[in-house]
Protein chains: 2
Amino acid sequence: MKHPSARPESSAWANSALGETGLERLAFTLDRHLSVSDQLHSVLRRAIVEVRLLPGTPISENSICRQFSVSRTPVRTAIQRLAEEGLVDVFPQLGSFVAPISLAGLQDSHFIRRSLEVALLREVAPKWTPEMSRAMREAVAEQERVIAGNDPDGFFHADEAFHHLLGTFAGREGVWQAIMAAKVTLTRFHRYWAKPERLPDVIREHLAVVDALDRGDVAGAEQALTTHLDMVFVIFGQMPEDQRRNLSL
Amino acid sequence: MKHPSARPESSAWANSALGETGLERLAFTLDRHLSVSDQLHSVLRRAIVEVRLLPGTPISENSICRQFSVSRTPVRTAIQRLAEEGLVDVFPQLGSFVAPISLAGLQDSHFIRRSLEVALLREVAPKWTPEMSRAMREAVAEQERVIAGNDPDGFFHADEAFHHLLGTFAGREGVWQAIMAAKVTLTRFHRYWAKPERLPDVIREHLAVVDALDRGDVAGAEQALTTHLDMVFVIFGQMPEDQRRNLSL
DNA sequence: CATTTGCGACTTGTATACAAGCATACTAGG
DNA sequence: CCTAGTATGCTTGTATACAAGTCGCAAATG
């Protein structure tokens, strides 16, 4: 057995064959005045979440050392943090690999995210104010602007900002951070298989939530938010077989 | 300024004055065949969660090195993991300290835990079976047995087992693990200020949930679970002022 | 006497060397 | 040709040395 985890033999290995580890694109000059491990953690995390590093890609400590001209210690620190977040699987004496996007993980991630966001919504609804409505509609407007610019990175950011407002309005920033941590797997999936043609629907679904809140229709808002979030499974169902193989299911 | 965090000048410092760091009781011979960092992480985590190490206690890497006769590397690894879990605050060039139990953290921890457990309950209720009922009542019976034996450690374990069943019945083990991670702050609080006289009430509240589920009364079960979990704030309100000072509020 | 300045003992961050295990490729033998 | 054993290069885990920053106390200075 190669190693305990199911590792896709797909393009991840091809990538690692031609380049160093598929990280050669991560050109990033780091500031030696700040913590090296923090910067490495940030760079690697973004690369994994944005699926520029496919699931199963080997993460060689030494390769990263050579690439950034630092010692193994801060690299190890960064990888250990990623492992703690569930983004990297470490197999002693074998290697470290970008964690797979499992169906089970996706379901757990979705369940937690949906439960917590609905709970936030229920807290916010009774205190709903016109200012909140304006702020959320502004966030949606920002999304529309970004769609026009064809900027996927910007859209994900704007989408996150919209949902973040729920946490802000509820006065529970800590809960939002927990949501962010839990929905990482979900985010990776969306980044991996996002369809631009769905973006207008996202806009509509977001507006449906705000409309219901404006009407004071708590149940309707909850329903709208739930169906919006559950769309990920519709998207998943539309994913062709060969695309699924790059995930571990 | 000593360091950026609010550190209580309470018994934590007294402890660190007389002993090494208050860790001298952590007599624990570790197995050199297993990962040293894993074992240290486990030992320290238990000590913090069970509040044998009070909030604010300094965690000196070198002290732990001397105590267990290992190098700083695995000690650092363990502490970094604890920092990632929010159990330790690390201040570069200053020191590492057992994280305070803040009121905000307590509220977030409670909110997440309650939201997720209620969500699990809603999933389980429609598929409720007599076998599930029996399993939960057995868990409660175990708690009653442990109460008689005056074993606080055992009670917390049995209590956790009861709630764990919800995750098991829902078939969402990953969600339960997230709950476990989120409710750490809550657990620390309960361990710090648990009153034996409340234990019979816990039994009753648990049974109320099971009774409602047996009746097919989903709303009632949800209500029972919510009030049970919300009891932590009643307990908090009963805590005398001088006891609160050991927490950072 | 009050203030400041420098020394020393701590802290965490980083660099490097060594130990131990696993997978693969190669070689010798059947 | 096939198989078994070995050698080599990889991986992570651990140990140790050094760098850089912070705090506190003590001594020197105004």
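My aim in this report is to walk through the structure given alongside it, one point at a time. (Residues numbered from 1 in each chain as written. Chains lettered and ligands numbered in written order. Predicted model: local features only at pLDDT ≥ 70, side-chain atom pairs only at ≥ 80, totals over all residues. Heavy atoms only, no water.)

### Things to note about the side chain of Ser-115 of chain B
And step 1. With respect to the element layout, Ser-115 of chain B can be found in helix 5 (residues 103-124).
And step 2. We classify Ser-115 of chain B as buried; its relative accessible area is 10%.
And step 3. Separated by 2.7 Å, the side chain of Ser-115 of chain B and the backbone oxygen of Phe-111 of chain B make a polar contact.
And step 4. Contacts of Ser-115 of chain B, omitting those with residues within four sequence positions, involve Ser-115, Leu-116 and Ala-119 of chain A. (Helix = DSSP H or I, 4+ residues; strand = E, 2+ residues; numbered from the N terminus. Buried < 20%, exposed > 50% of the residue type's maximum accessible area, 1.4 Å probe, protein only. Polar contact = N/O pair within 3.5 Å; in protein donor to acceptor, adjacent residues only side chain to side chain. Contact = heavy atoms within 4.5 Å.)

### Observations regarding the pattern of salt bridges
Note that side chains of opposite charge can pair when their charged atoms are close.
And step 1. Inspection of the entire model under this criterion finds 40 salt bridges over all chains.
And step 2. Arg-198 of chain A serves as the salt-bridge partner of Glu-205 of chain A, at 3.1 Å between the closest nitrogen and oxygen. There is no split in this pair, since Glu-205 of chain A and Arg-198 of chain A are both buried.
And step 3. A salt bridge links Arg-172 of chain B to Glu-123 of chain B; the shortest N-O distance between them is 2.9 Å. Taken as a pair, Arg-172 of chain B in the loop between helix 7 (152-170) and helix 8 (173-182) and Glu-123 of chain B in helix 5 lie far apart in primary sequence, 49 residues in all.
And step 4. Each of Asp-38 and Arg-81 of chain A together with Glu-84 of chain B takes part in a single network of salt bridges with overlapping partners. (Salt bridge = Lys/Arg side-chain N within 4 Å of Asp/Glu carboxyl O.)

### Observations concerning the interface of chain A and chain B
And step 1. Counting residues at the interface gives 20 residues for chain A, matched by 20 residues for chain B.
And step 2. Both faces considered, chain A and chain B share a buried interface measuring about 1,700 Å² in area, 63% of it formed by carbon and sulfur atoms.
And step 3. Connecting chain A to chain B are zero residue pairs in polar contact (both at pLDDT 80 or more).
And step 4. At the level of elements, helix 4 (72-84), helix 5 (103-124) and helix 8 (173-182) of chain A are the ones that each hand at least two residues to the side of chain A that touches chain B.
And step 5. Tallying contributions element by element places helix 5 of chain A first for the side of chain A that touches chain B, with ten residues.
And step 6. Taken together, the residues of the side of chain A that touches chain B sort by class into seven nonpolar, five polar and eight charged. (Buried area = accessible area lost by both parts, 1.4 Å probe. Nonpolar A, V, L, I, M, F, W, Y, C, P; charged D, E, K, R; others polar.)

### What to know about helix 8 of chain A
And step 1. Among the residues making up helix 8 of chain A, those that are buried are Val-175, Trp-176, Ile-179 and Ala-182 of chain A. Looking down the long axis of helix 8 of chain A, one finds its buried residues gathered within 120° of arc, a one-sided arrangement. For helix 8 of chain A, exposure combined with an orientation more than 90 degrees from the buried face picks out Gln-177 and Ala-181 of chain A.
And step 2. Close packing links the buried residues of helix 8 of chain A with helix 5, helix 7 (152-170) and helix 9 (184-192) of chain A together with helix 5 of chain B. (Arc of directions from axis to C-beta.)

### Remarks on the relation of the copies chain A and chain B
And step 1. Mapping chain A onto chain B calls for a rotation angle of 180° and an axial translation of 0.0 Å; the resulting RMSD is 0.0 Å. The operation mapping one copy onto its partner corresponds to a two-fold rotation axis. The rotation axis passes nearest to the C-alpha of Ser-115 of chain A in chain A, at a distance of 3.2 Å.
And step 2. The share of interface residues of chain A whose copies in chain B are also at the interface is 100%, consistent with both copies meeting through the same surface. (Least-squares fit on C-alpha atoms with pLDDT ≥ 70 in both.)

### Details of the pairing of strand 2 (residues 95-98) of chain B
Residues in a regular strand point their side chains to alternate faces of the sheet.
Residue and element names in this part refer to chain B.
And step 1. Where strand 1 (residues 88-91) lies against strand 2, four bridges are found, and the strand directions are antiparallel. Paired with Val-88 across the strands is Val-98, a residue of strand 2.
And step 2. Following strand 1, the chain reverses through three residues before pairing antiparallel with strand 2; Gln-93 in that reversal takes a positive phi of roughly 60°. (Pairing = 2+ DSSP bridges.)

### Focus on the packing of helix 6 (residues 130-148) of chain A against helix 7 of chain A
All names here are of chain A.
And step 1. Remark: helix 6 packs on helix 7, axes separated minimally by 8 Å, with the N-to-C direction vectors making an angle of 170°. The angle between helix 6 and helix 7 places the two elements in the roughly antiparallel class. Contacts between helix 6 and helix 7 involve Met-132, Ala-135, Met-136, Ala-139, Val-140, Glu-142, Gln-143, Val-146 and Ile-147 from the former and Gly-154, Phe-155, Ala-158, Asp-159, Phe-162, Leu-165, Leu-166 and Phe-169 from the latter.
And step 2. Residue composition of the contact of helix 6 with helix 7, by class: 13 nonpolar, two polar and two charged. (Axes fitted to C-alpha atoms, helices over the stretch in contact; angles between N-to-C directions. Parallel < 35°, antiparallel > 145°, perpendicular 65-115°, else oblique.)

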